[in-house]
Amino acid sequence: MIKEKTNSALTFEDFKIEVLKDYTTAIISRECSLLGRKEVLTGKAKFGIFGDGKEVPQLAMAKAFKNGDFRSGYYRDQTFMMAIGELTIQQFFAGLYGHTDIKHDPMSAGRQMGGHFATHSLNEDGSWKDLTKQKNSSSDISPTAGQMPRLLGLAQASKIYRQVSGIPNAANFSNQGNEIAWGTIGNASTSEGLFFETINAAGVLQVPMVMSVWDDEYGISVHARHQTTKENISEILKGYQKEADTNGYEIFRVKGWDYADLITTYEKAATVARENHVPVLIHVNELTQPQGHSSSGSHERYKNADRLAWEREFDCIRQMKLWMIAINIASPEEIEAIDAQAKKEVLEGKKAAWTAFLEPIIEDQKDLIVLLQKIATTSAHQESILKYVAELSGIKTPLKKEILVAARKVLRLILNESGKDELSQWITNYTKKEQINFSSNLFSETKENIFSSKMALPTYADDAKEDTDGRMILRDNFDAIFTKYPETLIFGEDAGAIGDVNQGLEGMQEKYGELRVADVGIREATILGQGIGLALRGLRPIAEIQYLDYLLYAIQIMSDDLATLRYRTVGKQKAPLIIRTRGHRLEGIWHSGSPMGMIINAVRGIHVLVPRNMTQAAGFYNSLLECDEPALVIECLNGYRLKEKMPLNYGEFKTPIGVIETLKHGNDITLVSYGSTLRLVQQAAIELQEVGIDCEVIDLQSLLPFDINKDIIKSIAKTNRLLVIDEDVPGGASAYIMQQILEEQNAYEHLDSKPQTLTAKAHRPAYGTDGDYFSKPSAEDIYEKVYDMMHEVNPLKFPSLY
């Protein structure tokens, strides 16, 4: 139990000061948890989840955490954030109250519940800070184990920076790869597949990751015997222990109440990970959770008397106090004085946070009350308005919602009165002022967003013919990308040695090395996570998911983490990851390739691009690498061997994002589609022309964003008819496309016929060519659907087919 040896340069007096500082941080954190729960139970805060019981091990982790390091953690790490200087008492309570000013709640400006932590990686203009000069925390998410995939990429970035030369501005992101990615998780959440997938991948890759498991024997109310084989995560992971000439982990087990041993353990773990790039698992057991899982329940309901007594005895702060007294760090009276001062500081910080949160709302409340009183003096509805005024005045701690509800209800009463315009303007201004606090930064609002990339057409030789396989255009464009952008790397199943399943990366690994063009195991969620973590550290990863259907394994990470990252940090973090996959017109239930409705409705915050050929796809990659936003690019699986012209300007031509392309002009009907289905639409349009039906064929090119120039309505204004053709299920992407055209572009004003969709059947496609034909729209289906719509217009010219 030596503890002066923690740092041999310290005198005992220095050591004492350091320990007392740590204890003060721990007790402040505990008081925040205790008072935070009261704030929830009294209604000032909506929900609370706190870090009580985990304070002491987090102090040890903070001591080993250096500038440039990254955390990807658990929503109970408040003590750690306080210990590294990134969370104050007032900020803790501002997060609990949901303060929408990022200066008060720098973690998420009220967009996430308390306990979800982040640091700012970006300057106000969206440019990168020097991440090596600060301690970094990637933004937390609530889904259990959801922090794990990103952790893998954060750790892998250190390996890339250490071993790959020529990366621009590398010194702003890494000190020669010496950074550690620190993960934290509760013991019960280690039951999640994402935990095991990440643990395995990190062991294979040998990246500098230190994974802490906070083990208090419970997951909410469920005991570890129902969660983990042998009730012991480090025991069942023994097979991962690194041995001579093998990859694997160093595994430590330490008691969560033993301050001295925790300090030593975390120092050892940091040395191993930082110097040797070996991942480490630290199983921190014998922890407690004094207030139970959250403010929604009491742990007395599911812990027996013996367990509760043990938790009181082995509370980590109590044990730290006893240890401090035993080795003369502090007397009981000195500790009591620290405790009393901590209570005072936390109470004062809480009051300051509440005042800062409430005062602006009260000012708005007062402004509206004055306006409503003024309107009431001349209104025929004076009595009703004054009733609303009285109700609003009686709310001592108003919500913004309550203010706006009162204003909008009064507006209904005075539609024909003189005060209507002033109140209407007040509501508009107030809504505009507040809405941005809840809705900004879903996509990039910087000068590097997707709209900053200007279209650049492919150039061709004068005698260029359509005689080049599409996959060769992709390959040669990737070659240009890897030369132009040394920070770019790609990884996926079969992406490396064989150059991907369709040879779009042929020869790239041999040319650029196994770190930049890499094979990975069959583990889609952590492929996606690698990409997020690498992008958070300034690299430009392309994460390849072999087929679109396999994206389902990663859709939760895309939806909960990547898609929300910029939004939930209010633009203070970004991960411009490109996700590459291939799909459409596949055969069979598990390879149908078009769950587009599910994807676009799950990943708002990520751009979804659907090129119909490989030149378009290559242009999208070129465009995205000039931007700072994440995107999914879906290549057409049946397009790799189709012939296209060979461009001369690889790496330079750019497909515009959010812009449609009209493939055929026509006057009778507008046909809208995307991806592989367009070739069937084009074939049907040729056949329809032969019977006098002139179709306009539009390629959407991207679903998110959608037709930013509103060009589809121009077509419908000419043709007055619309058919959307989609190989997704009924009501899938076609419903989204129709909503965008009819509601956002008001195309209904120009329609002379009912707008219609032609989609795949409600089931997934059956196997084989016949299965595809009977499950998805065929050229004949498209022909007959269009013909039937024109039959309704002119039955004499177009007699019924059936």
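These remarks concern the structure in this document. In this text, all values refer to a predicted model and were calculated from it rather than measured experimentally.

**Re the overall build of the protein chain**
Line of reasoning, step 1. Each helix and strand in the protein chain was counted, giving 26 helices and 22 strands.
Line of reasoning, step 2. Against the 2.2 N^0.38 benchmark of 28 Å for 802 residues, the protein chain shows a C-alpha radius of gyration of 30 Å, consistent with a compact globule.
Line of reasoning, step 3. For the protein chain, the spread of C-alpha atoms along the principal axes amounts to about 100 × 85 × 45 Å.
Line of reasoning, step 4. Each of the 802 residues in the protein chain was classed as buried or not, and the buried ones make up 59%.
Line of reasoning, step 5. Sequence-distant contacts in the protein chain: of pairs separated by 6 or more residues, those separated by 24 or more amount to 79%.
Line of reasoning, step 6. Only carbon and sulfur atoms are counted for the fraction: they give 51% of the accessible area of the protein chain, which is about 32,200 Å².

**Observations concerning the packing of aromatic side chains**
Line of reasoning, step 1. A full pass over the atoms with the stated rule returns 30 aromatic pairs.
Line of reasoning, step 2. Note on Phe93 and Tyr97: the rings are 6.3 Å apart at their centroids and 35 degrees apart in plane angle, and the pair reads as tilted. One end of the pair, Phe93, and the other, Tyr97, are both in helix 4 (residues 89–97), four residues apart, so they sit about a helical turn from each other.
Line of reasoning, step 3. Through successive ring pairs, a cluster of aromatic residues spans Phe50, Phe92, Phe93, Tyr97, Trp354 and Phe357.

**Observations concerning the pairing of strand 12 (residues 540–544)**
Line of reasoning, step 1. Of all five residues that make up strand 12, five are buried, and the element is covered over most of its length.
Line of reasoning, step 2. Neither face of strand 12 is open: one carries Arg540, Ile542 and Glu544, the other Pro541 and Ala543, and all of them are buried.
Line of reasoning, step 3. Of the pairings in the sheet, the one linking strand 10 (residues 488–492) to strand 12 comprises five bridges and is parallel in character. Across the sheet, Thr488 pairs through a bridge with Arg540, a residue of strand 12.
Line of reasoning, step 4. Bridging between strand 12 and strand 13 (residues 578–583) involves three bridges; their strand directions are parallel. Across the sheet, the residue bridging to Ala543 is Ile579, located in strand 13.

**Re the environment of Tyr640**
Line of reasoning, step 1. Position of Tyr640 among the secondary structure elements: in the loop between strand 15 (631–636) and strand 16 (643–644).
Line of reasoning, step 2. When the C-alpha positions of Tyr640 and Asn502 are compared, they lie 6.8 Å apart, and in sequence the two are 138 residues distant.
Line of reasoning, step 3. Sequence-distant contacts of Tyr640, that is, excluding residues within four places in its chain, are made with Asp469, Gly470, Arg471, Leu474, Asn502, Arg580, Arg582, Met614 and Glu635.
Line of reasoning, step 4. Among the polar contacts listed, one links the side chain of Tyr640 to the side chain of Arg582, at a separation of 2.9 Å.

**Topic: unusual backbone geometry**
Glycine aside, negative phi is the norm for most residues, and most peptide bonds take the trans geometry.
Line of reasoning, step 1. Each neighbour pair has its own omega, and for Leu704 with Pro705 the value is 0 degrees, a cis peptide bond.
Line of reasoning, step 2. With respect to the helices and strands, Pro705 occurs in the loop between strand 20 (702–704) and helix 23 (712–719).
Line of reasoning, step 3. In this structure, His277 takes a positive phi of about 55 degrees despite not being glycine.
Line of reasoning, step 4. Note on placement: His277 falls in the loop between helix 8 (259–276) and strand 8 (280–285).
Line of reasoning, step 5. Even without glycine at this site, Asp707 takes up a positive phi of about 40 degrees.
Line of reasoning, step 6. Assessed through its relative accessible area of 2%, Asp707 is described here as buried.

**With respect to helix 22 (residues 677–689)**
Line of reasoning, step 1. Helix length check: helix 22 (13 residues) gives 18 Å between terminal C-alpha atoms against 18 Å at 1.5 Å per residue, within 8%.
Line of reasoning, step 2. The set of residues buried in helix 22 consists of Thr677, Leu678, Leu680, Val681, Ala684, Ala685 and Leu688. Viewed end-on, helix 22 has its buried residues packed into an arc of 155 degrees, placing them on one side of the element.
Line of reasoning, step 3. For helix 22, the secondary structure elements touched by its buried residues are strand 17 (661–664), strand 18 (669–673), strand 19 (695–699), strand 21 (722–725) and helix 26 (779–793).

**Here's the deal with the pairing of strand 19**
Line of reasoning, step 1. Where burial is concerned, most of strand 19 is hidden: five out of the five residues are buried.
Line of reasoning, step 2. Here strand 19 shows no split at all, with Cys695, Val697 and Asp699 on one side and Glu696 and Ile698 on the other all buried.
Line of reasoning, step 3. Across three bridges, strand 17 lies against strand 19 in antiparallel orientation. By the bridge assignment, Lys664 is partnered in strand 19 with Val697.
Line of reasoning, step 4. In the sheet, strand 18 pairs with strand 19 via five bridges, with the strands oriented parallel. Each residue of the ladder has a partner; that of Val672, found in strand 19, is Ile698.
Line of reasoning, step 5. Each parallel crossover has a hand, and the one from strand 18 via helix 22 to strand 19 is right-handed.

**Things to note about the sheet that holds strand 22 (residues 756–758)**
Line of reasoning, step 1. Judged by pairing direction, the sheet is mixed, and its five strands sit side by side in the order 17-19-18-21-22 without closing on themselves. The sheet terminates laterally at strand 17 and strand 22, the two strands that pair on one side only. Each strand axis lies, on average, 25 degrees off the axis of its neighbour in the sheet, ignoring direction.
Line of reasoning, step 2. Alignment of strand 21 against strand 22, held across three bridges, turns out to be parallel. In the strand pairing of strand 22, Val724 is matched with Thr757.
Line of reasoning, step 3. Lying on the sheet, helix 22 is in contact with strand 17, strand 18, strand 19 and strand 21; it crosses strand 19 at an angle near 170 degrees.

**Overview of the pattern of salt bridges**
Line of reasoning, step 1. Taken as a whole and assessed by the stated rule, the structure comprises 50 salt bridges.
Line of reasoning, step 2. The partner of Glu506 in a salt bridge is Arg471, with the nearest N and O atoms 2.5 Å apart. With Glu506 in the loop between strand 10 and helix 16 (508–512) and Arg471 in helix 15 (residues 470–484), the pair connects residues that are 35 residues apart, well separated along the chain.
Line of reasoning, step 3. When its relative accessible area of 11% is taken as the criterion, Arg471 is described as buried.

**So, the nonpolar core**
Nonpolar side chains in soluble globular proteins tend to be buried together.
Line of reasoning, step 1. Membership of the largest hydrophobic core comes to 89 residues, with the highest contact counts inside it found for Phe93, Trp182, Tyr266, Ile282, Met324 and Leu423.
Line of reasoning, step 2. Element by element, the count of residues in this core is highest for helix 11 (residues 332–376), at 15 residues.
Line of reasoning, step 3. Once residues lying within four places of it in the same chain are set aside, the contact partners of Phe93 are Cys32, Leu35, Gly36, Glu39, Val346, Lys350 and Ala353.
Line of reasoning, step 4. Judged by nonpolar contacts, the second largest core, of 86 residues, contains Leu154, Ile557, Tyr674 and Ala733.

**Focus: the side chain of Glu31**
Line of reasoning, step 1. If you trace the backbone, Glu31 turns up in helix 1 (residues 12–41).
Line of reasoning, step 2. Discounting chain neighbours no more than four positions away, the residues touching Glu31 are Lys343 and Val346.

Rules used in this analysis
Residues numbered from 1 in each chain as written. Predicted model: local features only at pLDDT ≥ 70, side-chain atom pairs only at ≥ 80, totals over all residues. Heavy atoms only, no water. Helix = DSSP H or I, 4+ residues; strand = E, 2+ residues; numbered from the N terminus. Rg over C-alpha atoms; globule rule 2.2 N^0.38 Å. Buried < 20%, exposed > 50% of the residue type's maximum accessible area, 1.4 Å probe, protein only. Contact = heavy atoms within 4.5 Å. Areas by Shrake-Rupley, 256 points an atom, 1.4 Å probe, with all protein chains shown as cover. Phe/Tyr/Trp six-rings, centres within 6.5 Å; stacked < 30°, edge-to-face > 60°. Pairing = 2+ DSSP bridges. Polar contact = N/O pair within 3.5 Å; in protein donor to acceptor, adjacent residues only side chain to side chain. Expected span 1.5 Å × (residues − 1). Arc of directions from axis to C-beta. Right-handed = clockwise from strand over helix to strand, strands pointing away. Axes fitted to C-alpha atoms, helices over the stretch in contact; angles between N-to-C directions. Salt bridge = Lys/Arg side-chain N within 4 Å of Asp/Glu carboxyl O. Core = buried A, V, L, I, M, F, W, Y, C linked by side-chain atoms within 4.5 Å.

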